[in-house]
Amino acid sequence: MKKTGAEIMWECMVREGVDVAFGYPGGSIMPVHDAMLNYPVHHVLTRHEQGAAHMADGYARASGKVGVVLATSGPGATNLVTGIATAMMDSSPMVCITGQVHSHLIGGDAFQETDVTGITLPITKHNYLITRADEVAQVVREAFHIARSGRPGPVLIDFCKNAQIEVTEFKYSEEVSLPGYKPPKHAPVADLEKAVELIAKSERPVILAGHGVLMSGAMEELQILAVKTQTPVAMTLLGLGGLPASHELSLGMMGMHGEAYANNAIQNSDLILALGMRFDDRVTGNLRTYAPRARKIHVEIDPSEVHKNVTVDVPLVGDLKTVLTDMIPMLDEYEHETWMEQIAGWKAEAEDRSIMSWPDDGKLYTAHAIRALWNATNGDSIVATGVGQHQMWAAQYYHFELPYRLVTSGGAGTMGFGLPSAIGAWFAHKEKEVWLIDGDGSFQMTQAELSTAVQEGANVKIAIMNNNFLGMVRQWQEFFFDKRYAATPMTGPDFTKIADAHGIPARLVTKPEEVFDAFTFAQETPGPVVLEFRVEKEEAVYPMVPSGADLDDMIRRPVR
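Residues numbered from 1 in each chain as written. Predicted model: local features only at pLDDT ≥ 70, side-chain atom pairs only at ≥ 80, totals over all residues. Heavy atoms only, no water.

Caption draft 1: Spotlight on the overall build of the protein chain. When you go through the protein chain residue by residue, the secondary structure sums to 23 helices and 20 strands. Radius of gyration (C-alpha) of the protein chain: 24 Å, near the 24 Å computed for a compact globule of 560 residues. The principal-axis extent of the C-alpha atoms belonging to the protein chain is close to 70 × 60 × 40 Å. Here the protein chain holds 560 residues, and the buried ones make up 60% of them. (Helix = DSSP H or I, 4+ residues; strand = E, 2+ residues; numbered from the N terminus. Rg over C-alpha atoms; globule rule 2.2 N^0.38 Å. Buried < 20%, exposed > 50% of the residue type's maximum accessible area, 1.4 Å probe, protein only.)

Okay, structure coming up:
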């Protein structure tokens, strides 16, 4: 069977389960777009390549499948860079296909030629340059295997134009064998026995559940482990939903803006079981004083993450679900009543400080609006966010009972991620309610994708928390720079009019009593809807661990 390189590309992707791709055409990728018309793949035309990358990322996070993005050479390819870096930092599986000039022109500074493989080498799990059509089938097969296996991540294929139009024999390989790439599954039994011994001796254990719990699909194993050993569970931002928020052993989110009682539990623990997380600085605070009395067990599929930031006593390198499945039968049942009582005391203190305990003062707060959204959706929607204060309030006050429901940029902290990732998540689950919680600054970075939402009929509901500030940076200026608000006050458009220009129904909310009706309006209106909330300008996210401070040295919300 003879086909062009472009046709082979689509033949392989369809066999990999691809039914939607996000992108923007151009000269060097045009044969691929032309061949696409012969295959059962829906192409989403975005308004910017960065938006396409974030849509593919959001699709991957919500579906568990590999997201696909296409762009042309030169500026088209370089516009993907932020989205690729975002996916790499958060271990999101993507295959990024960029057009490239004819192979004989490479190195000659041809029109729109850019060394995209060189540019993206540090921010991809692997990348390829295809110069001949007979390379395509093997490269695509390998790219998808690498993107989804082990620790997932983005893979880039730079596709020379001559290879797209050349004709060759098509052979599809069912098996992939990559020497040197064998992600581990099982941890050594001797190491498991050491971990079990530490768990048996522990009196104040804490489980730290990271994104790896969701990536591995180890939610059930996490809950069995926690219940069997009566160990409380703190979660990273991307680990939220790994254990239901309502579970009696849930400590919620840990870290810089995590729950105070979660941070206190970590700092006072005698054993840390870190599951699929990388001890990021936003989670640990000052490394020299991090969990000083705790022995540490680290379950991680990527050996490069072990001992990188925190030296551990027992590393268990392997697939998290497999490792826990092996270890759980080796464990006895334990009780930690005294430890749980101490944590309950910290929880009670946090409740006294919570903004949710404030009486109605007539002001509109982002946290209250997010909790109202949680009530309106019964906590059962997919929630995408931008980056900033609204993101942290969403993590704190939209309680995630299920995995794969929070779509947010963690490691890279990419503003502008929200709107396109929400559209991508909708393509993954059109049957679910999809909400975007965004800030005015973050939203304006990629607001052009409203046109994409309209063109695709994406049923995404958009809640913009507008405080006319770059809120998180403003908060740091308030706390650490004597309220010298340099380059953070920002004006913006009337977002309801921006929505109207796109033909999107919209509503402005300025009072607490208008909030619930606005959410009901959005839920009852088909297609995309924009809600603009004019919220308090100088409200801060609490608690906050200052950069470089001890994890339990938190700035706390004053008691009212």
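So much for the structure itself; the text now carries on.
Caption draft 2: How the structure looks around a negative patch on the surface. On the surface, Asp332, Glu333, Glu335, Glu337 and Glu341 cluster together into a negatively charged patch. With respect to the helices and strands, the residue Glu333 is situated in the loop between helix 14 (320–327) and helix 15 (337–353). Since its relative accessible area comes to 67%, Glu333 is described here as exposed. (Patch = residues over 30% accessible without salt bridge, like charges linked within 9 Å, V, L, I, M, F, W, Y side chains within 5 Å. Areas by Shrake-Rupley, 256 points an atom, 1.4 Å probe, with all protein chains shown as cover. Salt bridge = Lys/Arg side-chain N within 4 Å of Asp/Glu carboxyl O. Lys, Arg positive; Asp, Glu negative; His and termini not counted. Charge placed at Lys NZ, Arg CZ, Asp CG, Glu CD.)

Caption draft 3: Quick look at the pattern of salt bridges. Within the structure shown, the criterion is met by 21 salt bridges. For the salt bridge of Lys201 with Glu197, the shortest nitrogen-to-oxygen distance reads 3.2 Å. Of this pair, Lys201 and Glu197 both sit in helix 9 (residues 189–201), four residues apart, which is roughly one turn of that helix. Overall, the relative accessible area of 60% leaves Lys201 in the exposed class. A salt bridge links Lys321 to Glu221, with the nearest nitrogen and oxygen atoms 2.9 Å apart.

Caption draft 4: Geometry of the sheet that holds strand 20 (residues 529–534). Read from one edge of the open sheet, six strands run 16-15-17-18-20-19, paired in parallel fashion. Looking at strand neighbours, the two that pair on one side only are strand 16 (406–407) and strand 19 (506–509), the edges of this open sheet. Here four bridges tie strand 15 (residues 382–385) to strand 17 (residues 434–439), and the two strands are oriented parallel to one another. Note that in strand 17 the partner of Val383 across the bridge is Trp435. In the packing of helix 18 (residues 418–428) onto the sheet, contacts are made with strand 15, strand 16, strand 17 and strand 18 (460–466), and the angle to strand 17 comes to roughly 175°. On top of the sheet, helix 23 (residues 515–524) reaches strand 17, strand 18, strand 19 and strand 20; it is set at about 165° to strand 20, its chief contact. (Pairing = 2+ DSSP bridges. Contact = heavy atoms within 4.5 Å. Axes fitted to C-alpha atoms, helices over the stretch in contact; angles between N-to-C directions.)

Caption draft 5: Focus on the sheet that holds strand 3 (residues 42–45). The sheet built from six strands is open, its strands ordered 3-2-4-5-7-6 with parallel pairing. Only two strands of the sheet have a single neighbouring strand rather than two, namely strand 3 and strand 6 (126–130). Averaged over all adjacent pairs, the angle separating strand axes in this sheet is 20°, with direction ignored. The pairing of strand 2 (residues 20–23) with strand 3 spans four bridges and is parallel. The partner of Ala21 across the bridge, within strand 3, is His43.

Caption draft 6: Up close: the domain arrangement of the protein chain. By domain assignment, the protein chain separates into domain 1 (2–169), domain 2 (189–349) and domain 3 (366–534). Each partner contributes residues to the interface: domain 1 has 23 residues there, and domain 3 has 26 residues. On the domain 1 side of the contact with domain 3, Arg47, Met55 and Ala62 bury the most area, a combined 32% of that side's loss. In this assembly, domain 1 and domain 3 are joined by 10 residue pairs in polar contact (both at pLDDT 80 or more). Only strand 2, strand 3, helix 3 (49–63) and helix 5 (81–89) provide two or more residues apiece to the side of domain 1 that touches domain 3. The element best represented in the side of domain 1 that touches domain 3 is helix 3, accounting for 10 residues. For the side of domain 1 that touches domain 3, a count of residues per class yields eight nonpolar, 11 polar and four charged. (Domains from an automatic or database assignment. Buried area = accessible area lost by both parts, 1.4 Å probe. Polar contact = N/O pair within 3.5 Å; in protein donor to acceptor, adjacent residues only side chain to side chain. Nonpolar A, V, L, I, M, F, W, Y, C, P; charged D, E, K, R; others polar.)

Caption draft 7: Structural context of the pairing of strand 20. Burial of strand 20 is extensive: five of the six residues sit out of reach of the surface. In the sheet, strand 19 pairs with strand 20 via four bridges, with the strands oriented parallel. Bridge pairing links Ala506 to Val530 in strand 20. Handedness of the strand 19-helix 23-strand 20 crossover: right-handed. (Right-handed = clockwise from strand over helix to strand, strands pointing away.)

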